[in-house]
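Survey of secondary and tertiary structure
Chain by chain, the residues run as shown.
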Amino acid sequence: MWHSVRSVRHVGKLSKFHCRWCSCRNSVKHSAHYDVIVIGGGHAGCEAATAAARMGANTLLLTHKVHTIGEMSCNPSFGGIGKGHLMKEIDALDGVCARICDKAGIHFKILNKRKGPAVWGPRAQIDRELYRHYMQDEIMSTPNLSIKAVPVEDLIVEEQKQSNTDVIKRICKGVCTSDGTSILGHTVVITTGTFLRGEIYIGLERWAAGRHGDQPSIGLAKTLEEAGFKVGRLKTGTPARLNGKSICFERLQGHQADTAPTPFSFVNNTVQIKPEDQIPCYLTHTTPEVEKIVLENLHLNTHVKEDTNGPRYCPSIESKVLRFKHRSHQVWLEPEGLNSDVIYPQGLSCTLPEHLQRDLIRKVPGLENATLFRPGYGVEYDFIDPRQLKPSLETHLISNLYLAGQINGTTGYEEAAAQGLVAGMNAALRVQDKPSFTIGRTEGYIGVMIDDLTTQGVTEPYRMFTSRAEFRLYLRPDNADQRLTIKGFQEGCVTDHRYQMAASMATKIVTGIDLLNSMVMSTPKWCQKLNIHMSKKEKISAFDVLHHKDVTVEKLAQVYPELQHLAEDTDLSKRLKIEAHYAPVMWQVQADIEEVRKDEELILPEDLDYRSINISEEMRERLSQVRPTTIGAASRIPGVTPAAVVLLLRQVRKKIARHRKHVSMS
């Protein structure tokens, strides 16, 4: 349910700072001027700050506590189906979290291997302490990046009247901190996670907090609401942390990591941990006794009774019991570190009173004697309707202000990190007076996510799935570098080393395919040499044969020794196999992508007056609210009909024609 929005408080000229803690100009303490100011040291903030700094922007990261930078507040893992795709794309753009995971990972596994490579899910259990340590090392050693531990309470906003119009434009010029300091910045990126007016729930108790042990951000939440942003409430939760020494693992089903760990990062051939040192996870299930405890104690659970929406795809045990009665639910016991006894019970998020959580947990097989290090809790927090954002993640209401992460209604480390990367890049590009960097739905899962957020909004925490992408056969984990690294390099966000690696791989793939296509034999001969069965009779190439499920580059090299160099390059041979796997259908996928790109190339003017278009009032309101940047984006707004899109297209073409006529006459 949306909050009612208060009237917008007047924001004066820059000479009168709009700062709750600085009521008059003389009380303001001035600090240095930065190109980019990032608020928040979580996963979105870390990516935003390092991306901006990487692009040469003088960047400041503001956080409540320096020692919590890079904190994994909830689950001790990264990646998975859909989320792993985001990780590969973040890495392709030189983001930091994938490389950090390769250092801090303790259990690597590719999920969904029974299906095609397009929907494989790279995933890793992460050592919390190591991740935070390595991330802080990365942040502290990044050139152009400064860090300061102080809460932000307000924004500095300047009003500018546009020439020859009555339009007042608001521009973010910096922030005001809780100690009364004003920090000026060309751009500001807000990545506050669950801290905006955050509240924690355990049973009937509730108190203000952004997460366990951290104060919420109240002043900044009020600032955004009073500025006219449409603000809503969402909730999430985290399970109790268990003492591994009290768990009977012998009774449970162990799940080992992959014997050959696959790195998240394209620049790494291996991960830091040795394969034999990886730690297993364990699987157990809930029982009818668990359901009984939940149902008998709903009156003691404020968080479940709230109308605020929580995550549908990572729900609490209470929500699962209410939604799916008389079912047993999986509980994954995940290690939190190499030298830690803490176990994270994935699937058992709970907000009952602590003593009832203990009773419930002990009804789960293997956990009969489990002790708790900390009870689970729920968090409710403010978020901004993401339809108020441009695809660059800049807000429509205030220029030079960018939002990324859970503040936009998403859930998950990977979703937050991806948004932070895009927001940080665009904040730096604004400083450089360059066009915004955007990723389309046809280019990456990051583009799918941002398009979903900015055109459709959210009614529950948004999580990435492969099913959200129309072109998932093309948007694969294996080719993220081929899709995005060159694009990022052109914007100055990708290092020369990474660019050279991606360009070299592109050349090797093309050369390898050409070589395989040059080797042709009749189907019976291929079948005889490779000991396989194929129904075709005509002559086919080695690349065609590689499509067969039982054929690998290594097997082909036994027939053609001149392919041995391809087989010896493990990464290349895997990529060639995947390219061959999808080759028969890729021509149609590419044709469909081109059709969509035609719509995306039809740019809508920022000053387009939707009131002047002969469409229903409802359509005008929807279009005015979202302000889509392309015809393609307009067509994806819920409730906007194809007929309205056609009328919109006509209006744009008329505007373009008038502009061209004006230019030719002048």
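Refer to the structure above for everything that follows.
Presented here is a report on the structure given in the accompanying data block. Quantities reported herein were computed from a predicted structural model and do not represent experimental measurements. (Residues numbered from 1 in each chain as written. Predicted model: local features only at pLDDT ≥ 70, side-chain atom pairs only at ≥ 80, totals over all residues. Heavy atoms only, no water.)

Next up on the list: the overall build of the chain. A count of helical and extended segments in the chain gives 21 helices and 22 strands. Along the first, second and third principal axes, the C-alpha atoms of the chain reach 85 × 80 × 50 Å. Burial analysis of the chain (666 residues in total) assigns 56% to the buried set. Intrachain contacts of the chain at a sequence separation of at least 6 include 73% that bridge at least 24 residues. Accessible surface computed for the chain: about 28800 Å², of which carbon and sulfur atoms make up 51%. (Helix = DSSP H or I, 4+ residues; strand = E, 2+ residues; numbered from the N terminus. Buried < 20%, exposed > 50% of the residue type's maximum accessible area, 1.4 Å probe, protein only. Contact = heavy atoms within 4.5 Å. Areas by Shrake-Rupley, 256 points an atom, 1.4 Å probe, with all protein chains shown as cover.)

Inspection of the secondary structure puts Cys 314 in the loop between α7 (302-305) and α8 (317-323). Separated by 51 residues in the primary sequence, Cys 314 and Pro 263 have C-alpha atoms spaced 25 Å apart. In contact with Cys 314, other than residues within four places in its own chain, are Gln 346 and Arg 463.

Moving on: the packing of aromatic side chains. Inspection of every chain in the model, using the stated rule, returns six aromatic pairs. Relative to Tyr 282, the ring of Phe 249 has its centre 4.7 Å away and its plane inclined at 40 degrees; by these criteria the two rings are tilted. Of this pair, Phe 249 sits in the loop between β13 (241-243) and β14 (253-255) while Tyr 282 sits in strand β15 (residues 281-285); the two residues are 33 residues apart in sequence, bridging distant segments of the chain. An angle of 10 degrees between the planes, with centres 4.0 Å apart, marks the rings of Phe 489 and Tyr 499 as stacked. One end of the pair, Phe 489, is in helix α12 (residues 480-490); the other, Tyr 499, is in helix α13 (residues 496-517), and 10 residues separate them in sequence. A connected cluster of aromatic rings, assembled from ring pairs, spans Phe 78, Tyr 131 and Tyr 413. Over the aromatic face of Phe 266 sits the side chain of Lys 88, whose NZ or CZ is 4.2 Å from the ring centroid. The ring of Tyr 462 has Arg 468 lying over it, and the distance from NZ or CZ to the ring centre is 4.0 Å. (Phe/Tyr/Trp six-rings, centres within 6.5 Å; stacked < 30°, edge-to-face > 60°. Lys NZ or Arg CZ within 6 Å of the ring centre and 35° of its normal.)

In this structure, Phe 78, Tyr 131, Leu 155 and Ile 190 are the most contacted members of the largest nonpolar core, which totals 113 residues. Ranked by size, the runner-up nonpolar core spans 27 residues in total, among them Ile 532, Tyr 560, Leu 566 and Leu 572. (Core = buried A, V, L, I, M, F, W, Y, C linked by side-chain atoms within 4.5 Å.)

One open sheet holds the six strands; their spatial order is β14-β15-β16-β17-β13-β18, and the pairing between them is antiparallel. Two strands lie at the open edges of the sheet, namely β14 and β18 (372-374), each paired on one side alone. Strand-to-strand, the axes of this sheet are offset by a mean angle of 35 degrees, without reference to chain direction. Both β13 and β18 contribute to a ladder of two bridges, which runs antiparallel. Residue pairing for β18: Arg 241 is matched across the bridge by Arg 374. (Pairing = 2+ DSSP bridges. Axes fitted to C-alpha atoms, helices over the stretch in contact; angles between N-to-C directions.)

Take the pattern of salt bridges next. This structure, assessed with the given rule, holds 44 salt bridges. The partner of Glu 368 in a salt bridge is Arg 251, and the shortest N-O contact between them spans 2.4 Å. Remark: Arg 251 occurs in the loop between β13 and β14 and Glu 368 occurs in the loop between α9 (354-361) and β18; sequence separation between them is 117 residues. Residue classification places Glu 368 among the partly exposed residues on the basis of a relative accessible area of 31%. (Salt bridge = Lys/Arg side-chain N within 4 Å of Asp/Glu carboxyl O.)

Taking burial as the measure, the 10 residues of strand β9 (residues 181-190) include eight buried ones, the bulk of the element. Alignment of strand β8 (residues 168-177) against β9, held across three bridges, turns out to be antiparallel. Residue pairing for β9: Cys 176 is matched across the bridge by Ser 182. In sequence, β8 turns back onto β9 through a hairpin of three residues, with Gly 180 there showing a positive phi of about 85 degrees. Here β9 pairs with strand β20 (residues 401-403) via three bridges, running parallel. Pairing of Ile 190 across the sheet is with Leu 403, part of β20.

The next point concerns the pairing of strand β16 (residues 330-335). Pairing analysis gives four bridges linking β15 to β16, with the strands arranged antiparallel. Looking across to β16, one finds that Tyr 282 is bridged to Leu 333. Relative to strand β17 (residues 342-346), β16 runs antiparallel, the two being bridged by four bridges. Across the sheet, the residue bridging to Leu 333 is Pro 345, located in β17. From the end of β16 to the start of β17, which pair antiparallel, there are six residues.

The next point concerns helix α19 (residues 617-626). Because an α-helix completes one turn every 3.6 residues, residues spaced three or four positions apart along the sequence face the same direction. Three or more residues of α19 are buried, namely Met 619, Arg 620, Leu 623 and Val 626. The buried residues of α19 occupy one face: seen down the axis, they fall within an arc of 145 degrees. With its phi angle positive at about 50 degrees, Arg 627 sits one or two positions after the end of α19. (Arc of directions from axis to C-beta.)

Let us look at the side chain of Asn 408. With respect to the helices and strands, Asn 408 occurs in the loop between β20 and α10 (413-431). The exposure class of Asn 408 is buried, given its relative accessible area of 0%. Separated by 3.0 Å, the side chain of Asn 408 and the backbone oxygen of Leu 403 make a polar contact. What Asn 408 contacts, discounting residues up to four positions off in sequence, is Phe 383, Ile 384, Pro 386, Leu 389, Leu 393, Leu 403, Gln 419, Leu 453 and Val 458. (Polar contact = N/O pair within 3.5 Å; in protein donor to acceptor, adjacent residues only side chain to side chain.)

This brings us to unusual backbone geometry. Not every positive phi belongs to a glycine, and Asn 144 is a case in point at roughly 70 degrees. Summarising the element assignment, Asn 144 is placed in the loop between α4 (128-141) and β6 (145-149). Despite not being glycine, Arg 197 has its phi angle at roughly 50 degrees, a positive value.

What follows deals with the sheet that holds strand β4 (residues 105-111). The three strands are arranged β3-β5-β4 in an open sheet whose pairing can be described as antiparallel. Looking at the sheet topology across the chains shown, the edges are occupied by β3 (77-79) and β4. Neighbour to neighbour, the strand axes of the sheet diverge by 15 degrees on average, direction disregarded. With six bridges connecting them, β4 and strand β5 (residues 121-126) associate as antiparallel partners. Looking at β5, one finds that Lys 109 is bridged to Arg 123. Helix α2 (residues 83-92) contacts β3 and β5 of the sheet and is inclined by roughly 80 degrees relative to β3.

Those residues of α12 that sit buried are Ala 480, Asp 481, Arg 483, Leu 484, Thr 485 and Gly 488. One side of α12 holds all its buried residues, which, seen down the axis, span an arc of 165 degrees. Against the buried residues of α12 lie α2, α13 and α18 (570-600). Just past α12, the residue Gly 492 takes up positive phi, approximately 85 degrees.

Purely geometric stuff here, so don't read any function into it on its own.
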